[in-house]
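Tertiary structure, described
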Amino acid sequence: MSAMIRNTYTAVIARGDVWRQSVQTEPYEAAWAGEAIFFVRVMEATGGGAEPPAATAVARVQISPDGLCWVDEGAELEIAAKAESLSFARVANFGGWLRLDVTVPPQTSIKVVATLALKA
Amino acid sequence: MQSSHPIHGDPRLSRFDPLSRVIYFDDFDQGMNGWTTLVGNYEGSIDTMTRSYARHTQPMLSQMTHWDSGTHGAFDGTYALKIATRAVPGERNVGIKRITFRKAGRIRMETYFAFKPEASELKLSDIDVRTIGFLYDLQDGRERVMPHLRYLNALDGKRMNKWQFKRRTTPFRSIGGRGETVTHDHLSPDDWEDVPGGAQKLCYNEVPTKINWHYLRFDFDLASMRWLGFQCNDQVFDCPDVDSIKMPAMPNLSCMLNLCFFCESDTEKRAFFYLDSVLLSGEF
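Residues numbered from 1 in each chain as written. Chains lettered and ligands numbered in written order. Predicted model: local features only at pLDDT ≥ 70, side-chain atom pairs only at ≥ 80, totals over all residues. Heavy atoms only, no water.

For the rest of this paragraph, the subject is the interface of chain A and chain B. Taken together, the contacts link 22 residues of chain A with 34 residues of chain B. When chain A packs against chain B, close to 2100 Å² is buried across both sides, 50% of that on carbon and sulfur atoms. Per-residue buried area on chain A facing chain B is highest for Tyr9(A), Arg15(A) and Glu29(A); these three make up 33% of the total on that side. For the interface between chain A and chain B, the tally reads three salt bridges. Between Lys82(B) and Glu29(A) there is a salt bridge, with its nearest N and O atoms 2.5 Å apart. Going through the elements one at a time, β1 (8–20) and β3 (28–29) of chain A are the ones with two or more residues in the side of chain A that touches chain B. Here the side of chain A that touches chain B takes six residues from β1(A), the largest share from any one element. Considered class by class, the residues forming the side of chain A that touches chain B number twelve nonpolar, five polar and five charged. (Contact = heavy atoms within 4.5 Å. Buried area = accessible area lost by both parts, 1.4 Å probe. Salt bridge = Lys/Arg side-chain N within 4 Å of Asp/Glu carboxyl O. Helix = DSSP H or I, 4+ residues; strand = E, 2+ residues; numbered from the N terminus. Nonpolar A, V, L, I, M, F, W, Y, C, P; charged D, E, K, R; others polar.)

Now the structure itself:
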């Protein structure tokens, strides 16, 4: 990596995907990065209701030694199931791989854009 | 031999044979260098995107770390660009870099690459990756031209080990209601043809976690929009009868010079296409 300036890269890990029940994002390799922020923006929601309290999905950040087996890192996003809700979680010292393990409440679906903002 | 070539003074470049000008030399130890995911066109709603493009995911920088042997590392340094499919048979993924050309002359793409399936089974797995390949998306004042080259490693569980090209894409489909945006799936599984004499066995090695790097060179002439040939490791392919997908020039793609790398899985296992570095050179 260049020593001149901090490298950064934003990966879109879900682009208009509809999340229901249990979902895991594809493994993302980012050993070069020292810190990361997951963002989840809800484009549309069904079943959660627009009036509070909306249903809440939970996305747990997971890490992996090899991209094959996964364990909760501890950080979580609470995702309100309503259009334009935006949530995030910061992580650091995560090793080589990152993904989200998402649980959406019954009778609820959310269409999302999820991004992973990485920085060396 | 080109032993007098000035690049031999630089160990990182001395394994390449660039033309007189380097357009870009992307060593992925330095970062992503402008490589991103290929998304499909859309208008009004992201749901208008062709499904095969909507499935594409972002490329990564990988140090190729495995459960059994730790970090493999790249050809040089630590990181390689990684293009990974989802774990679904027939799934593909595409990484892209977009520039334009300043002279319609000869260009040469060189890369050191490797491919492997995800190491999720304790078996050889050498026919789990379906294809790896690359394409240009080019336009001059007359035509949009898309040379496609792929290595068909396996298909539906059968070992294939040959290079292919294509001259046809899918029909154009209008997107949205404004008449401004169209799409076509030029990487669809249809219409691939064998490169004459294009059989080649590559070095897979014995388990999914052992990686051997390969050299690929592809020469093209932007003036005539013709293939000039390609080389993979010790085999050279002249390609006199090989051609590209061609269509009338489109309104907003003047001098486009896009380079894409892609891969496909043949099984319910992720396919990984690694690029240690990419060097694009030209005569201009």
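All names here are of chain A. Ordered by their spatial adjacency, four strands build an open sheet running β1-β9-β4-β7, and the pairing between neighbours is antiparallel. The two strands at the open ends of the sheet, each matched to only one other strand, are β1 and β7 (86–92). Between one strand axis and the next, the sheet turns by 15° as a mean value, whatever way the strands run. (Pairing = 2+ DSSP bridges. Axes fitted to C-alpha atoms, helices over the stretch in contact; angles between N-to-C directions.)

Quick look at the pattern of salt bridges now. All names here are of chain B. Evaluated as defined, the whole model comprises 32 salt bridges over all chains. In this structure, Arg-106 and Asp-219 form a salt bridge, with 3.7 Å as the shortest nitrogen-oxygen distance. On the criterion of sequence distance, the pair formed by Arg-106 in strand β8 (residues 106–117) and Asp-219 in strand β16 (residues 214–221) is long-range, its members being 113 residues apart. The class of Arg-106 is partly exposed, set by a relative accessible area of 33%. (Buried < 20%, exposed > 50% of the residue type's maximum accessible area, 1.4 Å probe, protein only.)

The next point concerns the side chain of Asp128(B). Residue and element names in this part refer to chain B. With respect to the helices and strands, the residue Asp-128 is situated in the loop between β8 and β9 (129–139). Polar contacts involving the side chain of Asp-128 include one to the side chain of Lys-269, which spans 2.7 Å. Leave out the neighbours within four places in its chain, and Asp-128 touches Pro-117, Glu-121, Ser-265, Asp-266, Thr-267 and Lys-269. (Polar contact = N/O pair within 3.5 Å; in protein donor to acceptor, adjacent residues only side chain to side chain.)

A separate point is the nonpolar core. By size, the foremost hydrophobic cluster in this structure holds 89 residues, and its most contacted members are Trp19(A) and Tyr136(B). Take this core: its biggest share by element is seven residues, from strand β21 (residues 271–282) of chain B. If we ignore the near neighbours within four places in the chain, the residues touching Tyr136(B) are Ile107(B), Arg108(B), Met109(B), Val145(B), Met146(B), Pro147(B), Phe218(B), Phe220(B), Leu257(B), Asn258(B), Leu259(B) and Leu280(B). Residues Met49(B), Val94(B), Trp192(B) and Phe262(B) belong to the second largest nonpolar core, which totals 13 residues. (Core = buried A, V, L, I, M, F, W, Y, C linked by side-chain atoms within 4.5 Å.)

Shape descriptors only; they carry no functional weight alone.
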